[in-house]
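# Structural description and commentary
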2 protein chains.
Amino acid sequence: MRKGDETRSRLLEVAEAAVLAKGFGGTSIDELIAETGITKSGFFYHFRDKNELAKALIQRYIENDNRIYDEIFGRARELMDDPLQSFMLGLKMLSELLSDLPNGHPGCLVAGFCYYERLFDREIQEINREAALTWRRRFRGMFEEIMVVYEPREPLDVDQLADMVSTVLEGGIVLSKALKEPNSLSDQILVFRSFIKLLFRPRFS
Amino acid sequence: MRKGDETRSRLLEVAEAAVLAKGFGGTSIDELIAETGITKSGFFYHFRDKNELAKALIQRYIENDNRIYDEIFGRARELMDDPLQSFMLGLKMLSELLSDLPNGHPGCLVAGFCYYERLFDREIQEINREAALTWRRRFRGMFEEIMVVYEPREPLDVDQLADMVSTVLEGGIVLSKALKEPNSLSDQILVFRSFIKLLFRPRFS
DNA sequence: TCCCCTCCTGTACCAGCGGTACAGTATTGT
DNA sequence: ACAATACTGTACCGCTGGTACAGGAGGGGA
């Protein structure tokens, strides 16, 4: 059971890099098996078809993505008692982590896949939707904690505010890719951070 | 000369819809010629290869995109003397225009193309970059006008603030596609609008 | 009227792609 | 030792992007 999993995860690693660079449609199975050193039959032993590869890819990506957010905002929560200060620190840490990536963010598979709806089946679209909803729940939790202590200076829907974090991340990735300026993404996160600072600034200070 | 242009633009129309729904790689030439009622040779008479179709598509998309922004923010500028009020109205009009689309935003070709860098040649990447820079220039102009009259309550880089408009638009499109909630995009624009309101709120009021 | 240019059609062909089918085999855990 | 696991090898299919090239309909200018 172990050797099969090893080959499978090597396939997924190679596939993720290729898909992020060239898109799912632009990535051929022949190319993946050449780099992995496996035969075509071997590939189809692990994945029934290309769609199942897509499913495994996106699931793997989302798990990893969630782990990173858990770590960052978990650490920030440990370091700061105040929920707002903790969130602000988390954004800072996130922006620093992203600006340390030498070639910029490699791209978000969720974004890549949702832009090609009709290429994938409903199951993958549902996985994608669930991922976006998980982001929403995560950040809504943080904003709800903040709002126990701080009153927002503009009346905003908590879900929409939570979605804004994902929006800035996804939009920042697109913009930094289009502009070929890897730092744009972390800059945009810091601009968003300033907005949050303004939103929860105490009324008399 | 006229009949050729007509066929060409019909091809582009059909292609744009297909590419936005299925991605560039997922759109076949056979499919395009079937819907346009042309032969394969006819297609290659108009476009040397698929890459030239991509170039024509993105150029057409960007022209159209710029025209829409010109109209919206131009009208807003006519209706309001104050640059901040005019920008706020523009955002409101944009969000209303987007929420009126029954199936949500069809997707941004700039985002779609920049996510697949290696599928296209440098020329297309340069066109994409120029489009993002044009957005930056457009919105930076507006913020510079605003800052003549209003002092921002947080020190922000004008380019980064201008990029935030594009970020929110691109991120909002991704999020509303992933969530399958067409209204998310216009909601996110209104959240951003609230941030701008906070940023330029007079200090004593 | 003739010719040429634009705008195609038709036919034939190619390699690469995703995918299927299936027989055989080396390695591994029990 | 046995069977399940994890593949390899070979042959094949239809579709895709792309090439090549011959030919023709239709209109505009000489």
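Residues numbered from 1 in each chain as written. Chains lettered and ligands numbered in written order. Predicted model: local features only at pLDDT ≥ 70, side-chain atom pairs only at ≥ 80, totals over all residues. Heavy atoms only, no water.

## Some details on the domain arrangement of chain A
All names here are of chain A. Each assigned domain of chain A is listed with its residue range as follows: domain 1 (1-47) and domain 2 (54-199). Taking only C-alpha atoms into account, the centre of domain 1 sits 28 Å from that of domain 2. Taken residue by residue, the interface counts 10 residues in domain 1 and 12 residues in domain 2. In this assembly, domain 1 packs against domain 2 so that about 900 Å² is buried in total across both faces, 75% of it on carbon and sulfur atoms. (Domains from an automatic or database assignment. Contact = heavy atoms within 4.5 Å. Buried area = accessible area lost by both parts, 1.4 Å probe.)

## Quick word on helix α8 (residues 158-179) of chain B
Residue and element names in this part refer to chain B. Spanning 22 residues, α8 covers 31 Å between terminal C-alpha atoms, matching the ideal 32 Å at 1.5 Å per step. In terms of residue burial, α8 counts as a mostly covered element, since 19 of its 22 residues are buried. Structurally, the start of α8 carries an N-cap: the backbone nitrogen of Asp159 is 3.0 Å from a side-chain oxygen of Asp157. Where α8 terminates, the next one or two residues include Lys180, which has phi positive at roughly 60°. (Helix = DSSP H or I, 4+ residues; strand = E, 2+ residues; numbered from the N terminus. Expected span 1.5 Å × (residues − 1). Buried < 20%, exposed > 50% of the residue type's maximum accessible area, 1.4 Å probe, protein only. Polar contact = N/O pair within 3.5 Å; in protein donor to acceptor, adjacent residues only side chain to side chain.)

## Focus: the protein's contact with DNA strand C
Around DNA strand C sit 20 residues in total, of which Ile29 and Lys50 of chain A together with Thr7, Thr39 and Ser41 of chain B are the nearest. Sugar and phosphate atoms represent 61% of those atoms of DNA strand C found within 4 Å of the protein. One nitrogen or oxygen atom from the side chain of His46 of chain B is found 3.2 Å from a phosphate oxygen belonging to DNA strand C. Among the elements of the structure, α2 (29-36) and α3 (40-46) of chain A together with α1 (2-22) and α3 (40-46) of chain B are those that each provide at least two residues to the surface near DNA strand C. (Near = heavy atom within 4 Å.)

## Quick look at the pattern of salt bridges
Applying the stated criterion across every chain yields a total of 32 salt bridges over all chains. One salt bridge in this structure joins Arg201 of chain A and Glu154 of chain B, with 3.9 Å as the shortest N-O distance. Taken together, the residues span two chains, with Arg201 of chain A in the segment after α9 (184-199) and Glu154 of chain B in the loop between α7 (122-149) and α8. Residue Arg201 of chain A is classed as partly exposed on the basis of its relative accessible area, which comes to 22%. Given the relative accessible area of 7%, Glu154 of chain B is considered buried. For Glu123 of chain B, the salt bridge is made with Lys55 of chain B, and the minimal N-O distance between the two is 3.2 Å. Residue Glu123 of chain B is located in helix α7, and its partner Lys55 of chain B is located in helix α4 (residues 50-79); the two are separated by 68 residues in the primary sequence. Residues joined in a network through salt bridges with shared partners are Arg136 and Asp163 of chain A together with Glu181 of chain B. (Salt bridge = Lys/Arg side-chain N within 4 Å of Asp/Glu carboxyl O.)

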